[in-house]
Each structure stands twice: as C-alpha cells, then as structure tokens.
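Report on the structure
For reference, the chains in residue letters:
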Amino acid sequence: MTNLFIFNTDFRLRDNPALYHAAENGESLVAMFINNPKKWQSHNESDLKIAFQIENLKNISKRLTELNISFKVIHAEGIGEENQKVIEFVKSNNINEVFINKEYGINEINRDQNLEKELIDLNKKLNSFDSSVFHPESIKTQSDTFFKVFTPFSRAFRSKLLTKKIEVLGLPKKQKHKTQESDEVENISLNAERKKTLELYRAGEEYALGKLDEFIAQKILMYKEKRDFPAIDGTSSLSPYLSSGVLSSKQCLFEVFEKLSEEEEGVKTWVNEIIWREFYKYILFHNQRVSKNLSFSEKYDEFPWSDNKVHFIAWSNGETGVPIIDAAMRQLNSTGWMHNRLRMIVAMYLSKNLLIDWRKGEKYFMQNLIDADFASNNGGWQWSASTGVDAAPYFRIFNPITQSEKFDKKGDFIKKWVPEISSVKNIHDPSTDERNDLGYSNHLVDLKESRKKAIEVFSSFQNKEK
Ligand SMILES: Cc1cc2nc3c(=O)[nH]c(=O)nc-3n(C[C@H](O)[C@H](O)[C@H](O)COP(=O)(O)OP(=O)(O)OC[C@H]3O[C@@H](n4cnc5c(N)ncnc54)[C@H](O)[C@@H]3O)c2cc1C
C-alpha cells in the first residue's frame, strides 16, 4: 500500500493537506518532485525562485527520511509530459493512490483533470486538496456569482473567518516502511551574482515559521504606520516563503490570531494583505482570461501599447532618470525582491507614463522576483495598469516624484540604490546640471505630458465596455 504525493507549490511538511492525508494510513509513501525546466521556462519562472525551492526541498528531503518517506525526483519536458511520467511511475512502483494540492492556473487544472482520468483507467484514485484558506467556490456573492471587487470579498472572507476556526495540520505521519532510496535534487545553475542573491534568503519552514513569529512579536503592531516606507524594514518579508508554499496563508492567520486580537490596527492591516493574496488566487480560479495572458477587462484587448524597446530596457535596468524608479528596479535586480509601494510605482510608470504593455513588466517581474507568484503578480500589474479587477482608476496615475517625496522623504532608499546622485540637492529629481555632471540619465519622458497622454488614451477606451 504505497501512496504517492507530488509537490506542486507547497514546499513544506506542516499544513500540507495532500501530504498529510497521503501519510494517513501509515504504510509507505513516496513524495515526488517533478524537475521540469521546460515548464519553468515557458511559465517565466525566475531561476532564483526555483533555486530557492530546490534549497527548501533539500531541507524537506532530510526531514522526509526521518519520517520514513522516500523522496523521488522525476524529469519531464514541459507540463504536457508530467502526467505521462507520473503514470509510468505509478505503474512501475505499484502505487496505490496519488495525492496533490490543487493549483489554479488553467494548464494545471487541465493537467490534474487528465491525471485523474488516467488514474481511473488504472483503477486508481487521485486525491486533490485545497491549500488556500477557503476554496474559491466557497466564497460567492448573494447572487451566486464570484466577487470582482476586493472590499466585499474581504468582508465575506472575514465573516467566514468568524464562523470557521482556522485549523492547521501538523507533520505527516511517520511511515512503517521506506520503500525506496531517496533521490537527490539537482541544483539549478545560477551565475555568481544570482548565487550571492540566493544567499540572502534562508531556506526551511522552521526558519520561515520563526520569521513569522518574530514579525508578530516585534513588528506587526506598527505595520500600518511603517509598511509604506521602502527604507524601513516595516513589512514581514515573508513573500518568498508564501509564494513557494514554504509557509501557508493559513499558518500566517492561525499564528496571528493565536497571539493577537484582530482589533489591533496593525493586525487588521496585515491580515488584509494576506486576504489580497487569497483574492488574486480566487480571481485566477474564477477567470480564465488571467491564465490566457489577457487583461481581466476585455475592453483593453485592442489597447495600443507602446513597443518602445529603449524605454523598456531603461526601465528594466533602473536607468529611467526618475530616482525612485531606478532605485526600485536596482533593488529588484540586485536582491530579487522589491517593496510593495515601489512595485506599484514602477508598474504604473511603465504602463501609464511609458504606455508599455503591462504584460512585459509582469514577465520581467516573474523572471526576476524570488517571490514571483503568478496570481499576485498578475493582480498587482493589472491593478497598476487599470486593466484588472478592482483596479486603480485609469486617471489616478501616481506621480513618481511626489510618491518619492512622500515615502522616501529623506531619500535614504534612493541613496542606497542610486549612490551616484546621493550628494544632489533634490534627491527626488536632480537638476539637469547635476544630472549632466554626475552622468545620471535625464527623464525618458516628460512626466506631466506622458500622464496627460495616458489619460487621453485610456479615456478613449472607457466606452468600449463589452
Ligand atoms: C506590480 C506588482 C507585482 C507584485 N508581484 C508579486 C508577486 O509576484 N508575488 C507576491 O507574493 N506578491 C506580489 N505583489 C504583492 C506585494 O508587493 C508583495 O507580496 C509584498 O511586497 C511582499 O512583501 P512582504 O512579504 O514584506 O509583505 P507584507 O506587507 O508583510 O504582506 C504579507 C503578505 O501578504 C501578501 N501580500 C501583501 N501585499 C499584497 C498584494 N498587494 N497582493 C497580493 N498579496 C499581497 C504577500 O504574500 C505578503 O508576503 C505584487 C504587487 C504589485 C503592485
């Protein structure tokens, strides 16, 4: 009676429903990882994130040995080949039942439905579990449609939290027999700089849980006041762990509510961010356009995005001449992470001032973030580009200089990442002379003019409602 569990985006042992239930009967269990570089490439998965997941898997595979669970690595060429490889394994290893946690992307949903059918043909069963806080089907409007606006969604979410106590699962049960030798997971090849970046993020769910505890004990109460300032370490920095499933949203909510009251403003605000994360997963589940590289709002299907490659490269490299944008992009390129306030600023600048297709920015983020998460990234980009659900109104365009003055008042963040201008008088927008002297680029576009143009183009699309 050997069961098979397959890792998807859930690189943890605790609160892992599929793994937990696969281990229930206590006989023997194989935990499998599918090494699939072709799929990662086609999904624009960042090498940094995959390397981080591998580090977490190394940690997990040691713990699995203690639990008598075999760890196996199989290889597939693209998502289309995964089921074939799994079925071959099931047949040749006399697997009893297969256990997975659900993923919500359209390709993944199709893959899992096919796997279920193929297993039924073999007289075997696929057990799929949901590792989100609430299954997307369980939160609906009164007219039984899905929510498209965050605030009523979060209200419904919170009222469910009141009626249904959050429960988290413990470690999977130790198995009687270990049926096979465990495999080693191969490292992802990273260049020296990316390797150094990876060292910034310690792997392991114990570490992640400790980081969560520390945040709750020391920072959460001041989260509301501090979360918007990129020079301050005021947020949890848990996104790399949440995105790779080293930590679950449920674990976060459980730990917070165990220790603090939701009446605390800091707690309320942070929980709201976890709900945003769940909201974007919910949107991915309910709207297939998101998986199909289309804007949520159909009226923007024919939008005349600019194809200015010079602007895009300058944005990517942090050479736009707008200090806060350049600092943010250099933070991303150097650390694989960017502060939330800055993500909004650089995304709006790209999609509004430069009028470059938000999908290009989305892809760049996917390829470079350690916390790249398809649903949250797509949601954040479409919010900023005004093409998404409950998005920023198209006419409310952040002025990056004003944002910089407000959220990096003393310019500490800019000075760290754009040191060449640290001595200038107006750090938020150096004068032309200072720029020339220091070799710092001038603005790619005039901020006022480009804002005006963006509003004009966007407003001409407002009556194209489909
Ligand atoms: C254009 C854009 C792209 C983004 N891409 C990603 C991405 O690829 N992966 C990702 O995890 N987040 C993404 N975000 C959301 C957010 O910026 C990060 O989750 C946050 O900066 C992570 O830092 P933290 O862990 O310190 O967050 P905290 O402020 O401590 O928040 C706690 C957790 O809540 C979740 N969260 C916070 N803000 C958001 C949000 N706006 N939307 C969804 N979830 C949120 C994250 O899981 C985060 O770890 C994006 C936002 C924008 C505007």
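Residues numbered from 1 in each chain as written. Predicted model: local features only at pLDDT ≥ 70, side-chain atom pairs only at ≥ 80, totals over all residues.

Turning to the site of the ligand, a few remarks are in order. Taken together, 28 residues form the shell around the ligand, and within it Thr235, Ser236, Ser239, Asn377 and Gly380 come nearest. Where the shell around the ligand is concerned, the elements lending two or more residues are helix H10 (239-243), helix H12 (265-286), helix H15 (340-353) and helix H17 (374-384). For the shell around the ligand, the class distribution of residues is 11 nonpolar, 11 polar and six charged. When residues of the shell around the ligand are assigned to domains, at least three map to each of domain 2 (132-168 + 205-286) and domain 3 (298-464). (Near = placed C-beta within 6 Å. Helix = DSSP H or I, 4+ residues; strand = E, 2+ residues; numbered from the N terminus. Nonpolar A, V, L, I, M, F, W, Y, C, P; charged D, E, K, R; others polar. Domains from an automatic or database assignment.)

In contact at an axis separation of 10 Å, helix H8 (residues 205-218) and helix H11 (residues 249-259) are set at 35° when each is read in the N-to-C sense. Considering the relative orientation of H8 and H11, their crossing is right-handed. In this structure, H8 contributes Leu212, Asp213 and Ile216 to the contact, and H11 contributes Cys252, Glu255, Val256 and Lys259. Classifying every residue of the contact of H8 with H11 gives four nonpolar, no polar and three charged. (Axes fitted to C-alpha atoms, helices over the stretch in contact; angles between N-to-C directions. Left-handed = near helix turned anticlockwise from the far one by under 90°. Contact = placed C-beta atoms within 7 Å.)

Before going further, it helps to examine the environment of His428. Tracing the backbone shows His428 in the loop between helix H19 (412-417) and helix H20 (432-438). Sequence-wise, His428 and Ser295 are 133 residues apart; in three dimensions their C-alpha atoms are separated by 32 Å. Sequence-distant contacts of His428, that is, excluding residues within four places in its chain, are made with Pro323, Ile324, Ile401, Ser404, Glu405 and Gly411.

We now examine the nonpolar core. Formed by 61 residues in total, the largest nonpolar core has its most connected members in Leu4, Phe5, Ile6, Ala31, Met32 and Val98. When residues in this core are grouped by element, the largest group, 10 residues, is from H12. Those residues in contact with Phe5, other than ones at most four positions away along the chain, are Ala18, Leu19, Ala22, Leu29, Ala31, Met32 and Phe99. Membership of the second largest hydrophobic core comes to 35 residues, among which are Ile324, Ile325, Phe398 and Val424. (Core = buried A, V, L, I, M, F, W, Y, C linked by C-beta atoms within 7 Å. Buried ≥ 20, exposed ≤ 12 C-beta atoms within 10 Å, placed from the backbone.)

Right, let's talk about the packing of helix H6 (residues 150-163) against H12 for a bit. The contact between H6 and H12 brings their axes to 10 Å, and the two run at 105°. With respect to each other, H6 and H12 are oriented roughly perpendicular. Between H6 and H12, the contacting residues are Phe150, Phe153, Ser154 and Phe157 on the first element and Asn272, Ile275, Trp276, Glu278 and Phe279 on the second. (Parallel < 35°, antiparallel > 145°, perpendicular 65-115°, else oblique.)

Excluding glycine, residues mostly have negative phi values, and the peptide bonds linking residues are mostly trans. Of note, the phi angle at Ser237 is positive, near 55°, even though the residue is not glycine. In this model, Asn293 sits at a positive phi of 65°, which is unusual for a non-glycine residue. What makes Asn293 exposed here is the crowd of 10 C-beta atoms within 10 Å.

In this section: the domain arrangement of the chain. The domains assigned to the chain are domain 1 (2-128), domain 2 (132-168 + 205-286) and domain 3 (298-464). A straight line from the C-alpha centre of domain 2 to that of domain 3 covers 26 Å. Opposite the 16 residues of domain 2 that make contact, domain 3 presents 17 residues. When contributions to the side of domain 2 that touches domain 3 are tallied by element, the ones reaching two or more residues are H10 and H12. When its residues are assigned to classes, the side of domain 2 that touches domain 3 shows nine nonpolar, three polar and four charged.

All right, on to the sheet that holds strand S5 (residues 125-129) then. As summarised here, the arrangement of the five strands in space is S3-S2-S1-S4-S5, forming an open sheet in which the pairing is parallel. If you trace the sheet from one side to the other, it starts and ends with strand S3 (70-75) and S5, each paired once. Averaged over all pairs of adjacent strands, the angle between their axes in this sheet comes to 25°, without regard to strand direction. When strand S4 (residues 95-101) meets S5, the two strands line up parallel, connected through five bridges. Among the inter-strand pairings, Val98 is bridged to a residue of S5, identified as Leu126. (Pairing = 2+ DSSP bridges.)

Tracing the sequence through the fold places Asp412 in helix H19. Along the backbone, Asp412 and Pro37 are 375 residues apart, and their C-alpha atoms lie at a distance of 39 Å.

Let us look at the pairing of strand S1 (residues 2-6). A large share of S1 lies buried, amounting to five of its five residues. Burial along S1 is two-sided: Thr2, Leu4 and Ile6 and Asn3 and Phe5, pointing in opposite directions, are all buried. Looking at chain direction, S1 and strand S2 (residues 28-35) are connected through five bridges and run parallel. Bridge pairing in S2 links Ile6 to Met32. One crossover worth recording links S1 to the parallel S2 by way of helix H1 (residues 17-22), and it is right-handed. In this sheet, S4 lies alongside S1 in parallel orientation, the contact comprising four bridges. Residue pairing across strands places Ile6 opposite Ile100, the latter belonging to S4. (Right-handed = clockwise from strand over helix to strand, strands pointing away.)

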